[in-house]
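The chain contents come next:
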Amino acid sequence: MTTTVRPTGPEEALGRGGRSRAFAIRDNSRAVGGLRLTRVPGSGPGTGRIEELEIAPADRRRGRATVAALAAEEILRGWGCVRVEADVPAEATAARGLFTALGYTGRSRWLTKRPRPPVPALPEGSAVRAMGERDYAGWRAAERARLAAERRERGAAAAEADAHAEAVLTARLPAGHRTEGVALRVLSHHGTDVGTLWLALAPGRLPYGTDGYVVHAGVAAEYRGRGHGRALLAEAERLTHAAGGTLLGLSVDADNLPAGRLCEGLGYRPVAERLGKTLH
């Protein structure tokens, strides 16, 4: 058996240094599967993703997926990637075992829920409002700092992290708080602003076929542990349902145990896990 990985077409440029290409997995001259590799857009230290790795049923359990995953890592190194990620469906225990054996660890979990009325009411004293111009200016500055900090934690230099954060916000919110398909909300409690919600709304076109996706729900540190996160997620359900959506999704970092417990208590169920490792 000689398993190889060969391109099936030209490379696709994604902008900001991103790139993507499809490959065939072959046993000698016979096609036995395929995969797609992506370098996530963004300058500086690169992150690559192994996507659509699939081996034909008759050719599984022969080590071909392992060979393909290792070949994928080599290609991503050649693309300047220093990290690699793969999303594994919750029920794909064999795939998770393969990546775990190759040194991948859990980074985050994708969760979904079907919002159904009646959505829980906000706690007494709590209110939600749409972001206005002044709200948005302050929120955007804070969100830019949060995104940049996340990038620095992944090894990026300060200037690259700042540029990445600015590019993300510009791409996702081109019209600011008036961007179509986005809901930005502020949660207050007895007149004090305590949290914010960034919700994307695009029926069936968001991760895992969701109609609504919680990009970020944040509660100010001094107000955490008081049910405000639950209130923000209730608002996300209400907005998704009002827009005609039937599936709401979000992502929770693997080490954020309180958020994971909150989401599971609210009826969210895992659909996939993002695994990753550093490429040496």
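This text goes with the structure placed above it.
Since this is a predicted model, take the numbers as computed values, not measurements.

Chemist: Looking at this structure, I do not really get the pairing of strand β3 (residues 18–27). What am I missing?
Modeler: Pairing analysis gives 5 bridges linking strand β1 (residues 3–7) to β3, with the strands arranged antiparallel. Looking at β3, one finds that Val5 is bridged to Ile25. Across 3 bridges, strand β2 (residues 12–15) lies against β3 in antiparallel orientation. Note on β3: the bridge partner recorded for Ala13 is Arg19. Two successive antiparallel strands, β2 and β3, enclose a turn made up of 2 residues, where Arg16 displays a positive phi of approximately 55 degrees. Two elements, β3 and strand β4 (residues 30–39), share 9 bridges in a ladder whose sense is antiparallel. Directly across from Ser20, in β4, lies its bridge partner Thr38.

Chemist: Can you help me understand the pairing of strand β7 (residues 105–113) in this one?
Modeler: Each regular strand carries side chains that alternate between the two faces of the sheet. Summarising the sheet, β7 and strand β13 (residues 269–278) pair through 7 bridges and their orientation is antiparallel. Paired with Thr112 across the bridge in β13 is Arg269. Direction of pairing for β7 relative to strand β12 (residues 248–253): antiparallel, over a ladder of 6 bridges. Following the sheet pairing, Leu111 is matched in β12 by Leu250.

Chemist: Got a minute to help me understand the environment of Arg61 in this structure?
Modeler: Residue placement: Arg61 occurs in the loop between β5 (46–55) and α1 (64–78). Looking at Arg61, the relative accessible area reads 84%, which means it is exposed. Measuring from C-alpha to C-alpha, the distance between Arg61 and Asn256 comes to 34 Å, with 195 residues separating the pair along the chain.

Chemist: When you look at the side chain of Thr112 in this model, what are you seeing that I'm missing?
Modeler: Secondary-structure assignment places Thr112 in strand β7. Classification of Thr112 by relative accessible area gives buried; the value is 13%. With residues up to four places along the chain from it excluded, the contact list for Thr112 reads Thr210, Leu247, Leu248, Gly249, Gly267, Tyr268, Arg269 and Val271.

Chemist: Got a minute to help me understand helix α3 (residues 133–153) in this structure?
Modeler: Working note: α-helix, 3.6 residues per turn, so residues spaced by three or four point in the same direction. Along its 21 residues, α3 runs 30 Å from first to last C-alpha, staying within 8% of the 30 Å computed at 1.5 Å per residue. All of the buried residues along α3 are Tyr136, Trp139, Arg140, Glu143, Leu147, Ala148 and Arg151. Structurally, α3 contributes buried residues whose contacts are with α4 (158–172), β9 (182–189), β10 (192–206) and β11 (210–219).

Chemist: Help me understand the nonpolar core in this model?
Modeler: In a soluble, globular protein the nonpolar side chains are often hidden away together inside. The biggest cluster of nonpolar side chains holds 24 residues, and the ones touching the most others in it are Ile25, Leu35, Leu37, Ile50, Leu76, Phe99 and Tyr104. Listing elements by their share of this core, those giving two or more residues are β3, β4, β5, α1, β6 (81–89) and α2 (93–101). At 5 residues, the largest contribution of residues to this core is made by α1. Among all residues touching Tyr104, those that are not within four sequence positions of it are Ile50, Glu73, Val84, Phe99, Leu275, Gly276 and Lys277. Membership of the second largest hydrophobic core comes to 19 residues, among which are Leu111, Val214, Val219 and Leu266.

Chemist: Is there a simple way to explain α1 in this structure?
Modeler: Taking 1.5 Å per residue, 15 residues should reach 21 Å; α1 reaches 21 Å between its end C-alpha atoms and fits that length. Of all the positions in α1, only Arg64, Ala65, Ala68, Ala69, Ala72, Glu73 and Leu76 are classed as buried. Two residues or fewer after α1 comes Gly80, characterised by a positive phi angle close to 85 degrees.

Chemist: Explanation requested: unusual backbone geometry in the structure shown.
Modeler: Among all residues save glycine, negative phi is the norm, and among peptide bonds the norm is trans. Going from Pro117 to Pro118, the amide bond is cis rather than trans, its omega being 0 degrees. Not every positive phi belongs to a glycine, and Glu52 is a case in point at roughly 55 degrees. Looking at where Glu52 falls in the secondary structure, it is placed in strand β5. Judged by its relative accessible area of 60%, Glu52 falls in the exposed class. Of note, the phi angle at His190 is positive, near 50 degrees, even though the residue is not glycine. Among the secondary structure elements, His190 is positioned in the loop between β9 and β10.

Rules used throughout
Residues numbered from 1 in each chain as written. Predicted model: local features only at pLDDT ≥ 70, side-chain atom pairs only at ≥ 80, totals over all residues. Heavy atoms only, no water. Pairing = 2+ DSSP bridges. Helix = DSSP H or I, 4+ residues; strand = E, 2+ residues; numbered from the N terminus. Buried < 20%, exposed > 50% of the residue type's maximum accessible area, 1.4 Å probe, protein only. Contact = heavy atoms within 4.5 Å. Expected span 1.5 Å × (residues − 1). Core = buried A, V, L, I, M, F, W, Y, C linked by side-chain atoms within 4.5 Å.

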